Amino acid sequence: MGECRVSTVVRSSSVLASSVYQRGAMTLQVLRERIGDKAFFKLLPAWTAQHRYGNADTGQFIALAEKISGKQLDDLFHTWLNTDSKPPLPGK
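Residues numbered from 1 in each chain as written. Predicted model: local features only at pLDDT ≥ 70, side-chain atom pairs only at ≥ 80, totals over all residues. Heavy atoms only, no water.

A. View of the overall build of the protein. Helix and strand counts for the protein stand at 5 helices and 0 strands. Each helix and strand of the protein, ordered N terminal to C terminal, gives the series α-α-α-α-α. Considering the protein as a whole, with its 92 residues, one finds that 24% of them fall into the buried category. (Helix = DSSP H or I, 4+ residues; strand = E, 2+ residues; numbered from the N terminus. Buried < 20%, exposed > 50% of the residue type's maximum accessible area, 1.4 Å probe, protein only.)

B. Local environment of the packing of aromatic side chains. Scanning the entire structure with this criterion turns up 3 aromatic pairs. Measuring from ring centre to ring centre gives 5.2 Å for F40 and F41, while their planes differ by 85 degrees; the resulting arrangement is edge-to-face. Residue F40 is classed as buried on the basis of its relative accessible area, which comes to 7%. Plain terms: the ring middles of F61 and F77 are 6.0 Å apart, the flat faces sit at 85 degrees to each other, and that makes the pair edge-to-face. Of this pair, F61 sits in helix α4 (residues 58-69) while F77 sits in helix α5 (residues 74-81), placing them 16 residues apart in sequence. Exposure class is identical for F61 and F77. Each is buried. Among the aromatic side chains, those forming a connected cluster through ring pairs are W47, F61 and F77. (Phe/Tyr/Trp six-rings, centres within 6.5 Å; stacked < 30°, edge-to-face > 60°.)

C. Focus on the side chain of T27. Examined against the element boundaries, T27 turns out to sit in helix α2 (residues 18-35). There is a polar contact of 2.7 Å between the side chain of T27 and the backbone oxygen of R23. In contact with T27, not counting residues within four places along its chain, are L76, F77, W80 and L81. (Polar contact = N/O pair within 3.5 Å; in protein donor to acceptor, adjacent residues only side chain to side chain. Contact = heavy atoms within 4.5 Å.)

D. Local environment of the confidence of the model for the protein. Chain-level pLDDT for the protein is 82 on average; 76% of the residues reach the 70-or-more range. Per-element mean pLDDT across the protein ranges from 43 in helix α1 (residues 6-12) up to 97 in helix α3 (residues 37-51). (pLDDT = per-residue confidence, 0-100.)

E. Quick look at the nonpolar core. Of all hydrophobic cores here, the largest spans 16 residues; its most connected members are L31, I35, L43, F61, L73, L76 and F77. Counting only elements with at least two residues in this core, the list comes to α2, α3, α4 and α5. In contact with L31, not counting residues within four places along its chain, are G36, F40, L43, F61, L73, L76 and F77. (Core = buried A, V, L, I, M, F, W, Y, C linked by side-chain atoms within 4.5 Å.)

Listed below in structure tokens is the structure:
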């Protein structure tokens, strides 16, 4: 089996970025507010059913959220997951 250095993985993978861990739950809450409860609670079981026993990425989650909600959501995810500082909460 090949050697994998943790420092190499951390530098090369945005999935381990601090914004993902520090803002993950807040991102889902903002998504819920943007698409509404009906779409949000349809999204969650659809996502887990589609990817049970498999792998998926953020782009696939965004695509499914957009399909279910009928809304364009790239800006929301870019702002909440790919910026250096935490954006203000909606309504604040």
